[in-house]
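Chain residues, written in single-letter form:
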Amino acid sequence: MEKLGFYQRWRNLMMQCVSSVTYSVRINSKPRGQIVPTRGLRQGDPLSPYIFLLCAEGLSALIKNAISEGIVEGCKPSYVWQSIMAAQDIVRRGMRWQSDAQVKELIDLRTREWKMELIQRIFLPQEADIIGGIALSSQLPNDKQIWAVTANERFNVKSAYKLVMELSSRSERACKEILPTKENLKRRKVLEDSGCDSYHTYEESTGHLSWSCCRAQEMWAISKLFPRNCAWPFLSYLDLLWFIVMVEQWDQDWVEKVVMVAWAIWQNRNEHRNRGKKKNISVVVHKAIDYLHEYQACCAKVEVHIPSLDANWTPPPPRHYKINVDEAVFGAQKAVGIGVLVRDAEGRMVRLFNINLNALSCKSSLGNIGYVGINA
């Protein structure tokens, strides 16, 4: 923690937590003894996962330093390392190639600039503008892998955990039985009681929480997705999805509604447990469906029909020039590109150039561009 820059007082508090911890052993359902550990924390201690993250961060830095100095060229995974090796897929998903040399045919190695004439011949105008706007390194380094999740392109444990959370949706986590239900928390020795808040005689599993609980049944009744008082025995959330997708083969729209209502049940449970807020069930269900409709509307592809125009270019009068203008809008870059083509009465190209405008200068600049005739 000292190397990571933690304040001295914080380090002292952490060490007090580690050095002052004691354990008890349950004998005949009663805690006995005050065991003082002499070799640090044990698995199951609430502080253990956070200490692991700090140690893993330091270990990652040590390994990286050893590799850069040539001390370590490879490692043989042991049992302890199996969890780290299992995270390789997450690391691969977060890595990106940072490339300058793979497109060397488009780069002038002498001037260290893009070959814009070649790029404009190969790519569409808007694509050429985007490529030309990419800054090149003056050193033209070789390709290397970077960690694309952090701003400084360096790996850390926190960003890897964040990536895992983004890759794993709530529905997927529920199917894999890794949601922090009371049943799962008891299995991990975080809680002693796994009973449902509404009916304490039942364990709060994903199946009970999303289906058989009385509050869940009320929400499903309001949603009208299932027949009223249906007695289908779903033991887990995965059983519920399997039934509607594989057995009954529901339409995608209905499946999405089921997933959304199940998400609302989970969110409402967390709000009630952590903040003490008990919302109206009907409001919760309708808000969830409205949220789904908003999401579907954002994802829907709007087809815009543009009528085709049979436009034939006509030459200007003798000793005149004709200027044709076209534009393209780049939403991601918040910019507009304008191409200008000047031809004479014989149809020969006299001048060709393009104008790039950002969002601030578009309004004032567009008014100065139009189709005009120029005397020779």
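Residues numbered from 1 in each chain as written. Predicted model: local features only at pLDDT ≥ 70, side-chain atom pairs only at ≥ 80, totals over all residues. Heavy atoms only, no water.

Focus: helix α2 (residues 48-68)
Here α2 is 21 residues long and its end C-alpha atoms lie 30 Å apart, about the 30 Å a rise of 1.5 Å per residue gives. Regarding α2, the residues found buried are Ala56, Ser60 and Ala66. For α2, the buried positions fall inside an angular range of 130° around the axis, keeping them on one side. Away from its buried face by more than 90 degrees, α2 exposes Tyr50, Leu62 and Ser68. Backbone geometry just after α2 places Gly70 at a positive phi near 75°. (Helix = DSSP H or I, 4+ residues; strand = E, 2+ residues; numbered from the N terminus. Expected span 1.5 Å × (residues − 1). Buried < 20%, exposed > 50% of the residue type's maximum accessible area, 1.4 Å probe, protein only. Arc of directions from axis to C-beta.)

Focus on the nonpolar core
Among the nonpolar cores identified, the biggest contains 28 residues, and Trp211, Trp220, Phe226, Leu240, Ile244 and Val258 are the most heavily contacted of them. For this core, the elements supplying multiple residues, two or more each, are α11 (214-223), α12 (237-247), α13 (252-275) and α14 (281-299). Ranked by the residues each element gives to this core, the list is headed by α13, at 7 residues. Setting aside chain neighbours within four positions, we find Phe226 in contact with Trp211, Trp220, Trp232, Leu240, Ile244, Trp250 and Val258. With 7 residues, the next largest nonpolar core counts Val336, Ile338, Val342 and Leu357 among its residues. (Core = buried A, V, L, I, M, F, W, Y, C linked by side-chain atoms within 4.5 Å. Contact = heavy atoms within 4.5 Å.)

Some words on the pattern of salt bridges
One pass over the structure, following the stated rule, counts 7 salt bridges. One salt bridge connects Glu204 with Arg273, and the closest N-O pair in it is separated by 3.0 Å. Here Glu204 is found in the loop between α9 (182-187) and α10 (206-212), whereas its partner Arg273 is found in helix α13, with 69 residues between them in sequence. Looking at Glu204, the relative accessible area reads 2%, which means it is buried. The closest approach of N and O atoms between Asp253 and Lys257, which form a salt bridge, is 3.6 Å. Pair noted here: Asp253 and Lys257 are both in helix α13, with a separation of 4 residues, about one helical turn. (Salt bridge = Lys/Arg side-chain N within 4 Å of Asp/Glu carboxyl O.)

Structural notes on unusual backbone geometry
If you check the backbone angles, Lys224 has positive phi at about 60° while not being a glycine. Following the sequence through the fold, Lys224 ends up in the loop between α11 and α12. Positive phi, normally seen in glycine, also occurs at Gln249, with a value near 55°. With respect to the helices, strands and loops of the structure, Gln249 is situated in the loop between α12 and α13.

Remember, this is a structural readout, not a statement about activity or role.
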